[in-house]
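# Descriptive analysis of the structure
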Amino acid sequence: MSLSNVQITPQLVQAVRDAVDILAIAGDHTKLRRSGQRWTGLCPLHKEKSPSFSVDETQGLFYCFGCGAGGDAIKLYMLLSGDDFPAAIESLAGRYGIPLPTRVRGRGEAPERDLEAVLGAAAGYFTAQLAKSGFARGYLEKRQMPPELVQRFGLGYAPDGWRGLLEALKAQVPVGDLLAAGLVANPDGGGEPYDRFRNRLMFPIRNASGRLVGFGGRTLGDDKAKYVNTAETERFHKSSLLYNLDQAKKAIREHGKALLVEGYFDVLASVAAGVEGTVASMGTALTPEQSRLLVRYADEVVVGYDGDEAGENAARRALGLLLAEGLGVRRARFGAGHDPDSLRLEKGSEAVAAAIAEAPDLVNLEMERLIPPDTHRNPRLRAKAASAIADLLKPIRDSILRYGYGRVAADRLAVPVELLWKRLGVDRQGLAIASGAAPAAIVPEARRLVRSLEERTLQLLLSGGQGIEPGDLPPEEAFFDPLSRNIFRAFARLYTVGLASPPGAREVLSELAADGAVVDRMAQLLLENDVSPKSGELRESLRQLERRWQQQRLRDLGREIHEAQRLGDAERLTRLLGEKTTLSRQLHTPSPRQP
Ligand SMILES: [Zn+2]
């Protein structure tokens, strides 16, 4: 559901897709220059000094070699504005003058609610109550919250009582809307609805594009629940929101750096200490959605969680997620038991700013913790520490970075670095994860991408096809990765139903455009560095894919044959053995030499 009454129909999405000009969207945020068939410039999504952002106007796709973001114009708009999909469609439709269909109400269906207006009305009520309440303002004074920040963050107060909000808004907002907005609740046993927030300091929560989506409330009494949030609604999913991202994103993008803290007061305290790029995961452990949100704006995250045990554990969990997104991670140390808020109260803003500026690298800190001095004197401790280090380094995608940390850890452990790579399952140089991926040279500008055989094959197929006939195509099972398989399936379907030449990206995209992940992958495939295929490369890639699939099938067959023997299923056994013989023969026949 959208906050307004607009119904997002497939027709509307298509109309927006057709109308929107990707060059104009990108051009609002970065200067693009023509370079061959494409346009390039500094990436508007991450901080960089040399251009790695590329737009293909004909395909309507963009891709950045630096941060790995890619997709179509709508995706680019979403990343730049922070809007979610429905909001992006609405704004783009407005921008390109596409009429918006309004939601048609079915018989007996409740009228569409304008939740943002309901939340806005509640925010007005809460701020008015704060102005009236000496008690609540006294609390903020005690915590030394500067009045201008209280105003800027829109803080409010929900007075003690069960029906304050209900009574105040009943003339303008139906109770059903307050329920839908998560502001009031129905008692379990039935009866009158009541206010969810009572005697609490209220923090309005906005999404990345600044739209009000809910509230967090801190008790000013002795309520056991120190913090309560709006109930999860269609717009309020705590796990995919970061508090203050709407205000912080500009500073984060400018400096490439975000400060991640736990709670609302930590955000206010850090901003008061001059650190504008601060966001909070709102008291929960960082989620994968939240770390993906961060990587849109930041290159590096300073984790500013509490110094207590819970905070340290939460920081360690966050570390893995952030490393997996390719972010640098540092750890601000505020001193035992302190968070930014309590440190500011005790030692002032300068102490907070200093702790953030001096935050050491968190991977290094973890390596020191996992390998205490003298570990290498005890073989068992050493082996255990090596495993822990392997787990620590595994999420790091940049192989050169992983190599650097690995060298340091190996020194501390006093083992040859090769042994550590073995634990990690990477090759001798520690450069490539040993998976099904073909060995690929790591070019710095494409550091996040180790081009796999499947992706290279698709790239070649989609850019001309090198004279491949439909009959040359392997079965779709030869593609192990589900996204790659989807793209290949659409390609093969289009080609085998009678297109004279191999379908291009446009045709395949229009088959698959509803699937956002596929659009992203296609952008990545086609816009990443020059395709420039070698002669016969595609035929060879297809052959390798097929052999890889046959080898896997052969391994599976071994297992199935064993199973058939165990069950005494003679018929199945004969069939499987036949398949195995055919496959082995195919696999061991040398392939014809390529022209
Ligand atoms: Zn980028």
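Computed from a predicted structure; not experimentally measured. (Residues numbered from 1 in each chain as written. Predicted model: local features only at pLDDT ≥ 70, side-chain atom pairs only at ≥ 80, totals over all residues. Heavy atoms only, no water.)

### Comments concerning the overall build of the protein
Going by this rule: Here a helix means four or more residues in a row that DSSP labels H or I, a strand means two or more in a row labelled E, and each is numbered from the N terminus. Here the term buried applies to any residue with accessible area under 20% of the maximum for its type, exposed to any over 50%, and partly exposed to those in between, with areas from a 1.4 Å probe on protein chains only. Here the Shrake-Rupley method, with its probe set to 1.4 Å, supplies the accessible areas, and only the displayed protein chains count as covering residues.
Across its full length, the protein holds 25 helices and 15 strands. For the protein, with 595 residues in total, the buried portion stands at 48%. When the accessible surface of the protein is summed, it comes to about 28400 Å², and 52% of that surface belongs to carbon and sulfur atoms.

### Concerning helix H25 (residues 570-588)
Inclusion rule: Expected span of a helix: the number of residues minus one, times 1.5 Å. Residues count as neighbours in contact if any of their non-hydrogen atoms are within 4.5 Å of one another.
Taking 1.5 Å per residue, 19 residues should reach 27 Å; H25 reaches 27 Å between its end C-alpha atoms and fits that length. Residues of H25 that are buried make contact with helix H24 (537-567).

### Topic: the packing of aromatic side chains
Convention followed: Aromatic contacts are taken between Phe, Tyr and Trp rings whose centres are within 6.5 Å, Trp giving its six-membered ring; a plane angle under 30 degrees counts as stacked, one over 60 as edge-to-face, and the others as tilted. Whether a charge lies above a ring is judged from NZ of Lys or CZ of Arg, which has to be within 6 Å of the ring centre and within 35 degrees of the ring normal.
Counting across every chain of the model gives 16 aromatic pairs. A ring pair is formed by Tyr63 and Phe65, whose centres lie 5.6 Å apart and whose planes are at 70°; its orientation type is edge-to-face. Phe65 carries the same exposure label as Tyr63, and that label is buried. Plain terms: the ring middles of Phe203 and Tyr243 are 6.4 Å apart, the flat faces sit at 90° to each other, and that makes the pair edge-to-face. Here Phe203, found in strand E9 (residues 200-206), pairs with Tyr243, found in the loop between strand E11 (227-229) and helix H10 (245-255); they are 40 residues apart in sequence, far enough to count as distant. There is no split in this pair, since Phe203 and Tyr243 are both buried. An aromatic cluster is defined as three or more aromatic residues linked by ring pairs; in this entry it consists of Tyr139, Phe153, Phe203, Tyr227, Tyr243, Tyr264 and Phe265. Above the face of the Phe265 ring, Arg143 is positioned so that its terminal group lies 3.8 Å from the ring centre. Here the basic side chain of Arg198 rests over the ring of Trp162, its NZ or CZ set 3.9 Å away from the ring centre.

### Description of the packing of helix H14 (residues 340-347) against helix H15 (residues 349-357)
Condition: Helix axes are fitted to C-alpha atoms over the stretch in contact, other axes to C-alpha atoms as well, and angles between N-to-C directions run from 0 to 180 degrees. Note on angle classes: values under 35 degrees are labelled roughly parallel, values over 145 roughly antiparallel, values of 65 to 115 roughly perpendicular, and the remainder oblique. Gly falls in the polar group here, along with every residue not listed as nonpolar (Ala, Val, Leu, Ile, Met, Phe, Trp, Tyr, Cys, Pro) or charged (Asp, Glu, Lys, Arg).
Here H14 crosses H15 at 135°, and the two axes come no closer than 6 Å. Overall, the two elements H14 and H15 adopt an arrangement that is oblique. Facing H14, whose interface residues are Pro340, Leu343, Arg344 and Lys347, H15 presents Ser349, Ala351 and Val352. Looking at side-chain class alone, the contact of H14 with H15 contains 4 nonpolar, 1 polar and 2 charged residues.

### Some remarks on the sheet that holds strand E3 (residues 53-56)
Put simply, the test is: Two strands make a pair as long as DSSP finds a minimum of two bridges between them.
The strand order across the open sheet built from 5 strands is E1-E2-E3-E4-E5, with neighbouring strands paired in antiparallel fashion. A single partner strand is all that each edge strand has here, and the edge strands are strand E1 (32-35) and strand E5 (70-72). Adjacent strand axes in the sheet meet at a mean angle of 25° when their direction is disregarded. With 4 bridges connecting them, E1 and strand E2 (residues 38-41) associate as antiparallel partners. Within the sheet, the bridge partner assigned to Arg34 lies in E2 and is Trp39. On the sheet, helix H3 (residues 73-81) packs against E3, strand E4 (61-64) and E5 and is oriented at approximately 120° with respect to E5.

### A short note on helix H18 (residues 399-413)
What counts here: Picture the helix axis, draw a direction to every C-beta atom, and the arc is the one those directions span. Any pair of N or O atoms that falls within 3.5 Å is considered a polar contact. Within protein, one atom must be able to donate a hydrogen and the other to accept it, and sequence-neighbouring residues count only if both atoms are side-chain atoms.
For H18, spanning 15 residues, the distance from its first C-alpha to its last is 20 Å, which sits close to the expected 21 Å at 1.5 Å a residue. Residues Ser399, Arg402, Tyr405, Gly406, Ala409, Ala410 and Leu413 constitute the buried set of H18. Summarising the axial view, the buried residues of H18 lie within an arc of 140°, below the 170-degree limit, and thus occupy one face. Structural note: H18 exposes Ile400 and Asp411 on the side pointing more than 90 degrees away from its buried face. Of the surrounding secondary structure, the elements contacted by the buried residues of H18 are helix H16 (362-370), helix H17 (379-393) and helix H19 (417-424). Where H18 begins, the capping side chain belongs to Asp398, and its oxygen is found 2.9 Å from the backbone nitrogen of Ile400. Where H18 terminates, the next one or two residues include Ala414, which has phi positive at roughly 55°.

### Remarks on the side chain of Arg200
When you line up the elements, Arg200 lands in strand E9. In this structure the side chain of Arg200 is engaged in a polar contact, spanning 3.3 Å, whose partner is the side chain of Asp223. Leaving out residues up to four positions away in the same chain, Arg200 has contacts with Gly156, Tyr157, Ala158, Gly217, Arg218, Thr219, Leu220, Asp223, Ala225, Lys226, Tyr227 and Val228.

### Considerations on the packing of H3 against helix H4 (residues 85-95)
As a packed pair, H3 and H4 sit with axes 10 Å apart at the nearest point and diverge in direction by 105°. The orientation of H3 relative to H4 falls into the category roughly perpendicular. When H3 is examined against H4, the residues Ile74, Tyr77 and Met78 are found in contact with a partner set consisting of Phe85, Ala88, Ile89, Ser91 and Leu92. When grouped by side-chain class, the residues that make up the contact of H3 with H4 number 7 nonpolar, 1 polar and no charged.

### Describing the sheet that holds strand E13 (residues 278-280)
Ordered by their spatial adjacency, 4 strands build an open sheet running E13-E12-E14-E15, and the pairing between neighbours is parallel. One side of each edge strand has no neighbouring strand; the edge strands of this open sheet are E13 and strand E15 (328-331). For this sheet, the mean inter-axis angle between neighbouring strands, taken without regard to orientation, is 30°.

### Concerning unusual backbone geometry
Within the chain, Gln144 stands out as a residue other than glycine whose phi angle is a positive 55°. Note that Gln144 resides in the loop between helix H6 (134-142) and helix H7 (147-152). Of note in this structure, Asn244 is not a glycine but carries a positive phi near 75°. Position of Asn244 among the secondary structure elements: in the loop between E11 and H10. Asn244 gets classed as buried once you look at its relative accessible area, which sits at 2%.

### What to know about the pairing of strand E12 (residues 257-261)
Summarising burial for E12: 4 of the 5 residues are buried, a large majority. Both E12 and strand E14 (residues 300-303) contribute to a ladder of 4 bridges, which runs parallel. Counterpart to Leu259 in the pairing with E14 is Val302. When E12 meets E13, the two strands line up parallel, connected through 3 bridges. Bridging from a neighbouring strand, Leu259 pairs with Thr278 of E13.

### Describing the environment of Asp222
Inspection of the secondary structure puts Asp222 in the loop between strand E10 (212-219) and E11. The spacing of Asp222 and Asn199 is 23 residues in sequence and 9.7 Å in space, taken between C-alpha atoms.

### Some points on the confidence of the model for the protein
The predicted coordinates of low-pLDDT regions are not to be read in fine detail. We count it as follows: Per-residue confidence from the prediction method is given by pLDDT, with values spanning 0 to 100.
Overall, the predicted model of the protein reaches an average pLDDT of 84, with 90% of residues at or above 70. A low-confidence stretch, residues 108-112 (pLDDT under 50), is modelled with 7 contacts involving residues beyond four sequence positions or located in other chains. Counted against residues more than four places away or in other chains, residues 428-451, with its pLDDT under 50, gives 48 contacts.

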